[in-house]
Amino acid sequence: MIEVETLTKQFGSKIAVNNLSFTVKKGEVLGFLGPNGAGKSTTMRMITGFIPPTSGDAKLCGISMVDRPAEAKTKIGYLPESAPLYNEMTVTGFLKFCASIRGLTGTAKNDAVERAIETCFLNSVALQSIDTLSKGYRHRTCLAQALLHDPEVLILDEPTDGLDPNQKFEVRQLIKRLGQTKAILFSTHILEEVEASCTRAVIVDRGVIVADGTPSELLAQSGTGSLTDLFRAVTSSDTEAAA
Amino acid sequence: MSSCTIYKRELSSYFSQPTAYAIIVIFLSLSMGLAFSFGKFMSIGDASLEWTFFFWQPWIYMLLAPAVGMKLWADEQRTGTIELLGTFPVSTWSCILGKFFAAATVWLVALLLTFPIVITVNYLGNPDNGAILAGYIGSFLVCCTFLAITMLVSACTRDQVVCLIVSVAICVTMVLCGYDDFTRELGKAASPGAVEAVVSMGVWDHFSSLNQGLLRLQDLVWFASFIFVCLLGTSAILSSKRA
Ligand SMILES: Nc1ncnc2c1ncn2[C@@H]1O[C@H](COP(=O)(O)OP(=O)(O)O)[C@@H](O)[C@H]1O
Ligand SMILES: [Mg+2]
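Rules behind the numbers
- Residues numbered from 1 in each chain as written.
- Chains lettered and ligands numbered in written order.
- Predicted model: local features only at pLDDT ≥ 70, side-chain atom pairs only at ≥ 80, totals over all residues.
- Heavy atoms only, no water.
- Helix = DSSP H or I, 4+ residues; strand = E, 2+ residues; numbered from the N terminus.
- Rg over C-alpha atoms; globule rule 2.2 N^0.38 Å.
- Buried < 20%, exposed > 50% of the residue type's maximum accessible area, 1.4 Å probe, protein only.
- Contact = heavy atoms within 4.5 Å.
- Lys, Arg positive; Asp, Glu negative; His and termini not counted.
- Charge placed at Lys NZ, Arg CZ, Asp CG, Glu CD.
- Pairing = 2+ DSSP bridges.
- Right-handed = clockwise from strand over helix to strand, strands pointing away.
- Axes fitted to C-alpha atoms, helices over the stretch in contact; angles between N-to-C directions.
- Parallel < 35°, antiparallel > 145°, perpendicular 65-115°, else oblique.
- Left-handed = near helix turned anticlockwise from the far one by under 90°.
- Nonpolar A, V, L, I, M, F, W, Y, C, P; charged D, E, K, R; others polar.
- Near = heavy atom within 4 Å.
- Polar contact = N/O pair within 3.5 Å; in protein donor to acceptor, adjacent residues only side chain to side chain.
- Areas by Shrake-Rupley, 256 points an atom, 1.4 Å probe, with all protein chains shown as cover.
- Domains from an automatic or database assignment.
- Buried area = accessible area lost by both parts, 1.4 Å probe.
- Salt bridge = Lys/Arg side-chain N within 4 Å of Asp/Glu carboxyl O.
- Donors = N, O, S within 2.8 Å, 3.2 Å for Na, K, Ca; no water.

Before going further, it helps to spend a moment on the overall build of chain A. Of the regular secondary structure elements, chain A holds ten helices and ten strands. The C-alpha atoms of chain A give a radius of gyration of 18 Å, which matches the 18 Å a tight globule of 243 residues would have. Along the first, second and third principal axes, the C-alpha set of chain A runs to 50 × 40 × 35 Å. The buried share among the 243 residues of chain A stands at 53%. The long-range share in chain A, meaning contacts at least 24 apart out of those at least 6 apart in sequence, stands at 67%. With 25 positive and 28 negative side-chain charges, chain A shows a spacing of 3 Å between the two charge centroids.

Here's what the structure looks like:
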């Protein structure tokens, strides 16, 4: 469903993503791990067609994002890192706008909005203005936007960042549930999330994949049975990277 | 279709916030105030509105049009919602057109609300209503030109204030460029060829003839191509920013 082929992104002389390749099949939840600045967001932005890759390609359900972006984008639901929203709109107004832009109209649109509101537990704030929402609700509103058109591919950039433990738990459950019928790629630097909701995980560092496997494989690979140890062994810290 | 969705969202965002109302009220007070004070609307006995009313409008637009257009892309880039737009299955052009027409509609509403002055001249005298219509068209085109410039500038920055200052500077230059008193002074210092080049960059050359009731094709083409070039530039800047 998601096929990433030798994706590379260069900003000036800095290589943010270096020759990355991996695939995510239907029914798979791939955890995309890595320290800050590893190139996770940049990779996701290329897969979703927000920025063009320097070289390489991403295929969504077999459709190339480089050659047929308009068509490939219809396959994806995307939650950007900072959960951006139009602050002056209401939650329902925003979701209706996103649904229309996805080509939904009439009752199909209203049903999709209602379904997304229910899936993301937004009932209590449905008519509230977005700028009055707390962070957890903002995040879920943006997540609801990604689910509107029932996409086959979900790309979530740090979906649990900044949420409280209850909300984190709910989002993980949601990812797990949605993962049964979709291909999901989600990034995080919280390691417990991998065991909680991923069927497979890759660890990237400075734009390259340094570990790849199911959570149990990765645990075995760590030697000590702790993902943190593996993570610390295969990635470089900020201070080292700068040096 | 998708530009229509974006158009509706932008327009409702203007009217769900104080922006549009503030601009319309200020525009109406200024244009009426100037017509009745400096324009000597009552004493001059001229029913054509050319000098009393339309003459002042570029001066008002050069300050107020950027205030309407400044948020178009600057805000989108500051809040990160551009990442949503960029990953929806819509082209950059639909977004540009939707936004541009929404801002233009705010001004169209403002301009239409000046109708009492047309009723007044028809009540007091016997004006050429065709010429008044041409004046309105010219005035609206000047405004759209300034909006297009503002849009181009707002694509360059995420800061609305910077966008406002830079666009006002450009618009003021364009108004001054062709203004008689200014070109006379310039004529003393520079060669006639240089003066002509400067004047052709200004809006008066094209606005004045429309204002006199002359609907010349060359003026319409000038406005249309100027606006088109600005929108083309906006599209180029937005895509180069993501590269
Ligand atoms: N637009 C950009 N221009 C220049 N460098 C960038 C840009 N976006 C990201 N980078 C750089 O690319 C690297 C990877 O960033 P990012 O993908 O955001 O990392 P992550 O999401 O894994 O924390 C960082 O070093 C960052 O500074
Ligand atoms: Mg990131």
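As a further point, take the pairing of strand E7 (residues 153-157) of chain A. Residue and element names in this part refer to chain A. Within E7, five of the five residues are buried, leaving the element largely enclosed by the surrounding structure. The two faces of E7 match: Val153, Ile155 and Asp157 on one face and Leu154 and Leu156 on the other face are all buried. Here strand E6 (residues 76-79) runs beside E7; their pairing, made up of four bridges, is parallel. In the strand pairing of E7, glycine 77 is matched with leucine 154. Looking at chain direction, E7 and strand E8 (residues 183-188) are connected through five bridges and run parallel. By the bridge assignment, leucine 154 is partnered in E8 with isoleucine 184. In this fold, the crossover linking E7 to E8 by way of helix H6 (residues 165-179) has right-handed handedness.

Residue and element names in this part refer to chain A. Across the sheet, which stays open at both edges, the six strands sit in the order E6-E7-E8-E3-E9-E10 with mixed pairing between neighbours. Either end of the sheet is taken by a strand with one partner, and the two such strands are E6 and strand E10 (208-213). Averaged over neighbouring strand pairs, the angle between their axes works out to 15 degrees when direction is ignored. Sheet strands touched by H6: strand E3 (29-33), E7 and E8. Its angle to E8, the strand with the most contacts, is close to 155 degrees. Lying on the sheet, helix H9 (residues 227-234) is in contact with E3, strand E9 (200-205) and E10; it crosses E9 at an angle near 30 degrees.

The next thing to look at is the packing of helix H5 (residues 71-79) of chain B against helix H9 (residues 129-156) of chain B. Residues and elements named next belong to chain B. Interhelical geometry of H5 versus H9 gives an angle of 15 degrees and a closest axis separation of 7 Å. For the element pair H5 / H9, the angle class is roughly parallel. Crossing angle aside, the handedness with which H5 passes H9 is right-handed. Of the residues in H9, those touching H5 at Leu72, Trp73, Ala74 and Gln77 are Met151, Ser154, Ala155 and Cys156. Of the residues belonging to the contact of H5 with H9, the class tally is six nonpolar, two polar and no charged.

Moving on: the pairing of E8 of chain A. The two faces of the sheet receive side chains in turn, since in a regular strand these alternate between them. Residue and element names in this part refer to chain A. Of all the six residues making up E8, six are buried; the element is thus mostly covered by neighbouring parts of the structure. The alternating pattern of E8 places Ala183, Leu185 and Ser187 on one face and Ile184, Phe186 and Thr188 on the opposite face, and all of these are buried. With five bridges joining them, E3 and E8 adopt parallel strand pairing. Considered in E8, the bridge of valine 29 is made with isoleucine 184.

A word on the site of ligand 1. All names here are of chain A. In the vicinity of ligand 1, the residues found are Phe11, Lys14, Ala16, Pro35, Asn36, Gly37, Ala38, Gly39, Lys40, Ser41 and Thr42. Within the backbone of alanine 38, an N or O atom sits 3.2 Å from an oxygen atom of ligand 1. Residue glycine 39 places a main-chain N or O atom 3.0 Å away from an oxygen atom belonging to ligand 1. For ligand 1, the accessible surface in isolation is 560 Å², of which the surrounding protein chains cover 64%. When residues of the shell around ligand 1 are traced back to their parent elements, those giving at least two are strand E2 (14-24) and helix H1 (40-47).

Residue and element names in this part refer to chain A. Segmentation of chain A into domains returns domain 1 (2-75 + 152-242) and domain 2 (83-150). Once you take the C-alpha centre of each, domain 1 and domain 2 turn out to be 25 Å apart. At the boundary of domain 1 with domain 2, total buried surface from both sides reaches about 1100 Å², with 61% on carbon and sulfur atoms. Put simply, domain 1 and domain 2 have one salt bridge between them. Linking domain 1 with domain 2 are two residue pairs in polar contact (both at pLDDT 80 or more), by the criterion used here. If you list the elements that add at least two residues to the side of domain 1 that touches domain 2, you get E7 and H6. With five residues, the top contributor of residues to the side of domain 1 that touches domain 2 is H6. Classifying every residue of the side of domain 1 that touches domain 2 by side-chain character gives six nonpolar, three polar and seven charged.

Residues and elements named next belong to chain A. Those donors, Ser41 (OG), Glu81 (OE) and Glu81 (OE), are the protein atoms that reach the magnesium ion (ligand 2), and they lie 2.0 to 2.8 Å from it. Residue serine 41 is found in helix H1, and its partner glutamate 81 is found in the loop between E6 and helix H3 (91-101); the two are separated by 40 residues along the sequence. Look at glutamate 81 and you get partly exposed, because its relative accessible area is 29%.

Our focus in this paragraph is the pattern of salt bridges. Counted by the stated rule, this structure contains 16 salt bridges over all chains. Taking the shortest distance from any N to any O, the salt bridge between glutamate 71 of chain A and arginine 68 of chain A comes out at 2.9 Å. A salt bridge links lysine 99 of chain B to glutamate 76 of chain B; the shortest N-O distance between them is 2.5 Å. Within this pair, whereas lysine 99 of chain B is found in helix H7 (residues 92-112), its partner glutamate 76 of chain B is found in helix H5, the two being separated by 23 residues in sequence. The network of salt bridges with common partners includes Glu88 of chain A together with Arg9, Glu10, Lys71, Glu76 and Lys99 of chain B.

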